[in-house]
Amino acid sequence: AQSSLGQYHNLAKAYEHPLDRNSFNMAHGRFGAASQGRGAESIAVQSIDGTITVLDGESVAYSRMLADFLIPGPWIYLSRADAFYTFSSSFEVCCFKLST
């Protein structure tokens, strides 16, 4: 769209999903794609209490509590390793691989 002030864009909400916990950050990717053959991207939400909630589209796929968790911090998904990386309250970098 165009206005006298320049070009602008509209955002339209596609969907929303209420969460049970206060969220801190997110990562996205094809979690478990290497082992499950899935192609769709998912969103992993890290909450303030250390729970990871994975959303597949409009529904919750699963939630898990991180072990040895103190405060939320960096949270990244690396597709090559098909794993999440963060750190623990023991000052260690932790890698979490998905398994079924």
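Whatever comes next refers back to the structure up there.
Residues numbered from 1 in each chain as written. Predicted model: local features only at pLDDT ≥ 70, side-chain atom pairs only at ≥ 80, totals over all residues. Heavy atoms only, no water.

1. A few points about the sheet that holds strand S9 (residues 93-97)
Strand order in this open sheet of three strands is S7-S8-S9, and the pairing throughout is antiparallel. Two strands close off the open sheet at either side, each with one partner strand: strand S7 (76-78) and S9. With strand direction ignored, the average angle separating the axes of adjacent strands in the sheet is 30°. Inspection of the sheet shows S7 paired to strand S8 (residues 83-87) by three bridges, in the antiparallel sense. When the bridges of S8 are listed, Tyr-77 appears paired with Phe-84. (Pairing = 2+ DSSP bridges. Helix = DSSP H or I, 4+ residues; strand = E, 2+ residues; numbered from the N terminus. Axes fitted to C-alpha atoms, helices over the stretch in contact; angles between N-to-C directions.)

2. Quick look at the environment of Leu-78
Along the chain, the position of Leu-78 falls in strand S7. Considered as a pair, Leu-78 and Ala-27 are 51 residues apart in the sequence and their alpha carbons are 9.6 Å apart. The contacts of Leu-78, once residues within four sequence positions are left out, are Ala-83 and Tyr-85. (Contact = heavy atoms within 4.5 Å.)

3. A look at the pairing of S9
In this sheet, S9 lies alongside S8 in antiparallel orientation, the contact comprising five bridges. Of the residues in S9, the one forming a bridge with Thr-86 is Cys-94. Linkage of S8 to S9, two consecutive antiparallel strands, is achieved through a turn of five residues, within which Phe-91 is found at a positive phi near 65°.

4. Focus: the packing of aromatic side chains
In this structure the tally under the stated criterion is four aromatic pairs. Relative to Tyr-77, the ring of Phe-31 has its centre 4.7 Å away and its plane inclined at 75°; by these criteria the two rings are edge-to-face. Taken together, the positions of Phe-31 in the loop between strand S3 (23-29) and helix H1 (33-36) and Tyr-77 in strand S7 put the pair 46 residues apart, joining distant regions of the chain. Looking at Tyr-77, the relative accessible area reads 11%, which means it is buried. Each ring, one from Trp-75 and one from Phe-84, has its centre 4.7 Å from the other, and the planes form 10°; the classification is stacked. A relative accessible area of 8% places Trp-75 in the buried class. (Phe/Tyr/Trp six-rings, centres within 6.5 Å; stacked < 30°, edge-to-face > 60°. Buried < 20%, exposed > 50% of the residue type's maximum accessible area, 1.4 Å probe, protein only.)

5. Structural notes on a nonpolar patch on the surface
On the surface, a cluster of nonpolar side chains totalling about 300 Å² of accessible area is made up of Tyr-15, Met-26 and Ile-43. Checked against the element boundaries, Met-26 lands in strand S3. Using a relative accessible area of 60% as the deciding quantity, one classes Met-26 as exposed. (Patch = residues over 30% accessible without salt bridge, like charges linked within 9 Å, V, L, I, M, F, W, Y side chains within 5 Å. Areas by Shrake-Rupley, 256 points an atom, 1.4 Å probe, with all protein chains shown as cover. Salt bridge = Lys/Arg side-chain N within 4 Å of Asp/Glu carboxyl O.)

6. Some words on the side chain of Thr-53
Within the fold, Thr-53 resides in strand S5 (residues 51-56). Here the side chain of Thr-53 touches Ser-63 through a polar contact of 3.0 Å, side chain to side chain. Not counting the four nearest positions on each side in its chain, Thr-53 is found in contact with Ile-43, Ala-44, Val-45, Val-60, Tyr-62 and Ser-63. (Polar contact = N/O pair within 3.5 Å; in protein donor to acceptor, adjacent residues only side chain to side chain.)

7. Considering the environment of Pro-74
As for its position among the elements, Pro-74 is in the loop between strand S6 (59-65) and S7. Pro-74 gets classed as exposed once you look at its relative accessible area, which sits at 54%. Along the sequence, Pro-74 and Gln-46 sit 28 residues apart, while their C-alpha atoms lie 9.5 Å from each other.

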